[in-house]
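Here's the letter readout for the chains.
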Amino acid sequence: MSQRVLVFLTGLLLLTALGSYVYYRRTVARVPVDPWALVPDDAVLVAATRDHPTLVRHLKETQLWDNVMAVRYFQQMEDNLTLADSLTGGRNVVLRFLGRKRVLTSLHVTGPERFDILFQVPISSVREYRQVRSLVEGLGRDARFQVSTREYLGQLLTEVRPQGGGEGVTLLNYRNHLLLSASSALVEAVVRRIENLDAPTVAAEFQSTDYFRLRDVDATLLLNQRRLPQLMSVFFRQELGGEIAAVASLARNEMTQMKLVGNKVIFNGFANPETARDALHRRLVGQPAQRLRMAEVLPLRTALVVHLGLGPAAALRGPRPPHTASDSLAPTVQPLLDSLTAQLGQEVALCYLATASARSRPGKLAVAYTPNPARVGNLLGQLRRAVGTTPAFGRVGPYQLYQTGVAELPRQLLGSLFGGFEHPVVAQVGNYVAFGDEDTTLRQWLTDVAAGEVWSRSPTQVAFLQETQPLARLSVLMDTRNCWNLLLRGLQEERRAGLLRNETLFKRFPQVAMQWVPAANEQEAGAQYFTQFVLRHPVVGPAVARPQNAGGTGSVLDFKLPLSSSPELVFVTGTKLPGVLVQDTAQVLHYVTPDNVVAWSDSLPGPLVEPPYHLPGGAGVLLTTPSQLFLYNSQGQSQPNFPLNLPDTVRATSLSVSPPGGAAAPRLLVAGASGNLFLYDTQGRTYPGWQPKQLEFRLAGPPQYLVVAGRDVIVVLLENGYVYAFDQAGGTYPGFPISIGARLGGGVLVEAGSSFSRSRLTAVSQRGELVSFTLSGDVVARRRVATWSRTSQFRLVPDQQQRSYVVVREDGGQLALFTAAGQQVLSQRFITSAPRSVQFFSFGPGRQVYALTETGPGKTYLYDARARLVGGQPFDSSVPRVGLTYDPATGLYHLFRVASQELRRTDIRLAQ
C-alpha cells in the first residue's frame, strides 16, 4: 500500500512539475520583458548591437578589427569563442547565434578600482535554448571547468569556473533573456532589478528612440554622464576627478547611434541637460553656441582642448562673492578683474600641450577671445601696477609675455574650470589673450604661433575641423598621439601597463572630437543637446576603406585617383582572400593586402602591361611597362639590377617568364609591338639570338615559355597561321614552323608533358577550327567548333588555371561561347561596338563562371555554369578584366573589380 502511495505521489509530483514547466513556457516566459529593465541602474555605458555579421564586416573594412583583437580582453573573448566552437563541433557558432539579435552590453563600476561588463542576449527559439544548454553541458564535461548552480532570490544562477580557480562566468536565464558576466555580483544585481521591473530603466528618458530604424547604424550607445567621473576614477588619479566632473556636468545622460564610415567612427544623438545646482549647464543655459575660431592660435603640439562657446565670459564665471577682509587681493583689484572679465567672451578654452616624457608635467593654457585687445592690454598693465608686479617682459618673435602677479588669475576671470594657474604668465596674440601656468609653456605656445605651426595652417587639422559641428557649446578635441604622455602621467600606476599594451588601438584614431550643441528652444521643458563624437584618422595613404551600403557585401577601397588597370590577384599564404595589384591614372602601382589596406605604392614610368607574373612562394612580382621591367619583393622593394631598361624603339606588349624549376634564374621574354622578341635574365643580360628575334608577322598573342625535358621552348603563334618553337639560343626546333592553314585567333592552351611528343598546345583559327599540335611539330587534332563567316572572329580563352578553355566567337554585336566539344554555352548581343573581353573561371565541376566585360558602357556580365546572369544585372567595371576567387569553406565567390577610383570586392553566393 505504501509503495502505491509513493508511486502515486511521485507521479503527481512529476505531473505538477511538467505542468509548471508548460505553464512557464506558455505564459510567464512568453510575456515580453523590456531588455533595458534588466540592466542594473548603476550602468555607466550601455551598447546595443543588432546586425553582428555586418558589424564585424564593417570593423574589418575600416581596418579596426585587427586593432580591436589585439586588446587582451578581446583576445580572451576570441579564445572563448574558439572554445565554444570546439565544444559544439561547429564553426563561428557564437557569431551565428548572435545573428541579428539585439544584444545589450553594459559597463558597471563594481569596486574602487574595478569595472565589469554584463552581456544580455535574447533566446528566440527552443533550438537556441538547446544550443545554450548543450554548451553549458559541454563545459561541465570538460575537465578544465567546473559548472555549478545556486539559487539567489528565487532565480537559478549557473556558474562556470576554471578547475584551478580564477575568474569564471555567471549566467542567468530570465524569460528567454540570457544574462552573463564575469562578476557574480553584477548578475545578482540583475536579480534584484527583476524584483522591481516597473521602476524606470536607465534608458527611460529615451524610450521612444530607436536608432536601428535608420540605415547603416552599427550600434547605439547610452552614456550616463553622472556616473562618468566614477568610471574615470578607476583609471585616473584622484586629483583629476574635479576637472572631469566639471566638464561632464553639462549633460546627465545621452543616447547616440554609431556608424563606421571609412576613416572615422561617428556617434551622434541627443543628451539631456544636467539640472544639478552647480552644473556647467546651469551656468551656460541661454548662452549662444559659437564657432571654433581660435584654430589660428592652437599649436600643432596641442594634446587636449576644452572649448566653450558662449556670450560674455561672466556667465561662465558666475557672480563674484563680495570682498572680505581675509581676501589676499586689495579692494582696488576686484574692479579690474571684473573689467577684464567683461572684455572676454564668445569663446574660451583650456588647452594642454604635449610633453616629451610622461614624467614631465603638461603645459596648460587658458585662452579667451576679446573683441578689444587694446583695452585688455591696458587693464592687464593696470593690474600689474595695482599688485606691484615688475613691468619687465619677455619676447618671443613679435609677441611679449608678462607676469600677472595674481595667483589663479584665470580662475578668477573665467571660473572654477580654469584652476591650476598658481603663477600665471600672460600674452596676447591678435584678438586672443592666453594665460600659461608657466613661463616655459607660454614661450612654447608663442614660438609655435610665430612659426605658423597652428591648426588653421595644417591641412590635416583643417580637414578634421570640417567634419565637426560648426557651432557648439562645448567641444572637447583631442590628439591621441600628443595625449599619450599626458595619459600615462594621469593614469593610476596599475593601469599604465594596460594602456601600453593597447597603444596601437588608442592611436588608431589620432583625432577625437566630442561636441554638445544646444537646442534653439533650450529653455523649454524637454529640450536636449545634439551630441556628436567623431573618432578620425587622417587620410594619409592613397586610398580609404569604406563599407558599402546596408545591402552591399564585400568591401570598397576608394582611391584618390581613378584606377586604370584591371585588378591583378596576388594569392597570399594563410589568408582566405588574395591581395590585389592595381594602377591609377598617375601611373602609380598599389598593392592592396587581403585586409583591404594599401601596403605599398610605387610610381611607374608608364601604364602596366598586363598581366604581371608572380614568383612562386609569394617571393615577389615581375611586371613590365612599355619601356621598363620591374621586379618587386613581397614588401614592394625593387630588387637589385631592376628596373631593366628596354631599347628606346621598343614598346613592350607582353611579358613571358620561364616556369620555376631547378636552380636556374627566371628568363624574361619581352614581346614588342612590331613583333620583336627580347630574352633577358634577371641580371639584365641578353641571350644570343634574341637581340632581338625578329618575326615577319604580328603575334597572335603572348608567347608561351615552356621547359620540357630540361630544355627551354618558346612557342610563338603568328596571326598569319604559322607557329614557331624556339630554343634558348633562338634556333628553331625540328618540325617548326608549322602552318595551321588559316589565320589564328588569340589564346592558346598549353598542356606540358614529360617530352616534346607528349606536350600539347591547342589554338583556334579564324575559321572556327580547334587545332592541337605537339612540340614535335605534329598536328594531332583538328575539328570545327562553330560555324564561321567573313565577319566572325574567334579566340580561345583558357581558365585561370590553364586546365580547360572556352572558344569565343564574335560576329558584329553578337558574342557566343562554346565548349571544347562545340556546345554553345551562352550567347549575348551587345549594343555598342566597343572592345569586349571574356574571362573563364573554373573552380571544379558545376562551378564555372563566365565574365563578359563591355568596355564602352563599363559593364561586366557574370554568368554561372547554367548561363544564368548572376544578380540579374551587370556589375559596374571600368577596366577590361575582373578577378574572381572561390572559398569552398563558405561557398562564396569573391568578385574583384574596378569602378572608376574604387576597388570593390563583392561577395556572391551562386544558386545551385
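Residues numbered from 1 in each chain as written. Predicted model: local features only at pLDDT ≥ 70, side-chain atom pairs only at ≥ 80, totals over all residues. Heavy atoms only, no water.

Peer 1: Got a sec to walk through the pattern of salt bridges? Specific residues and values, please.
Peer 2: Per the counting criterion, the structure on display carries 35 salt bridges. A salt bridge links Arg 868 to Asp 864; the nearest nitrogen and oxygen atoms lie 2.8 Å apart. Assessed through its relative accessible area of 31%, Arg 868 is described here as partly exposed. Under the relative-accessibility criterion, Asp 864 is labelled buried at 6%. (Salt bridge = Lys/Arg side-chain N within 4 Å of Asp/Glu carboxyl O. Buried < 20%, exposed > 50% of the residue type's maximum accessible area, 1.4 Å probe, protein only.)

Peer 1: So what's going on with helix H6 (residues 126–141)? Residues and values would help.
Peer 2: Taking 1.5 Å as the rise per residue, H6 with 16 residues should run 22 Å; its terminal C-alpha atoms sit 22 Å apart, in good agreement. When we look at burial in H6, the residues that qualify are Glu 128, Val 132, Gly 138 and Leu 139. Projected down its long axis, H6 shows its buried positions confined to an angular sector of 125°, all on one face. In H6, the exposed residues that point more than 90 degrees away from the buried face are Arg 127, Arg 130 and Arg 141. (Helix = DSSP H or I, 4+ residues; strand = E, 2+ residues; numbered from the N terminus. Expected span 1.5 Å × (residues − 1). Arc of directions from axis to C-beta.)

Peer 1: Give me the lowdown on the sheet that holds strand E43 (residues 792–798), citing residues and values where you can.
Peer 2: With antiparallel pairing, the four strands of this open sheet are ordered in space as E43-E44-E45-E46. Each having just a single partner strand, E43 and strand E46 (824–829) make up the two edges of the open sheet. Averaged over all pairs of adjacent strands, the angle between their axes in this sheet comes to 20°, without regard to strand direction. The pairing of strand E45 (residues 814–818) with E46 spans five bridges and is antiparallel. Counterpart to Phe 818 in the pairing with E46 is Gln 824. (Pairing = 2+ DSSP bridges. Axes fitted to C-alpha atoms, helices over the stretch in contact; angles between N-to-C directions.)

Peer 1: Please provide a residue-by-residue account of the sheet that holds strand E50 (residues 875–876), values included.
Peer 2: Reading across from one edge, E47-E48-E49-E50 is the order of the four strands in this open sheet, with antiparallel pairing throughout. Unpaired on one side and paired on the other, strand E47 (836–842) and E50 mark the two borders of the sheet. The pairing of strand E49 (residues 859–863) with E50 spans two bridges and is antiparallel. Pairing of Lys 859 across the sheet is with Asp 876, part of E50.

Peer 1: Provide a residue-level description of the pairing of strand E17 (residues 432–436), including the pertinent values.
Peer 2: Side-chain positions along a regular strand alternate between the two faces of the sheet. Counting buried positions over the five residues of E17 gives five, a clear majority of the element. Along E17, one buried face is formed by Tyr 432, Ala 434 and Gly 436 and the opposite face, lined by Val 433 and Phe 435, is buried too. Bridge count for strand E13 (residues 364–369) against E17 is five bridges, and the pairing is antiparallel. When the bridges of E17 are listed, Val 367 appears paired with Ala 434. Bridging between strand E16 (residues 425–429) and E17 involves five bridges; their strand directions are antiparallel. If you follow Val 425 over to E17, its bridge partner there is Gly 436. Linking E16 to E17, which pair antiparallel, is a turn of two residues; within it Gly 430 sits at a positive phi near 60°.

Peer 1: Please provide a residue-by-residue account of the environment of Pro 122, values included.
Peer 2: Locating Pro 122 in the fold gives a position in strand E3 (residues 114–122). With relative accessibility at 18%, the residue Pro 122 sits in the buried group. C-alpha of Pro 122 to C-alpha of Tyr 174: the two residues are 52 residues apart in sequence and 9.5 Å apart in space. Filtering out sequence-adjacent residues up to four positions away, Pro 122 remains in contact with Lys 101, Arg 102, Glu 128, Asn 176 and His 177. (Contact = heavy atoms within 4.5 Å.)

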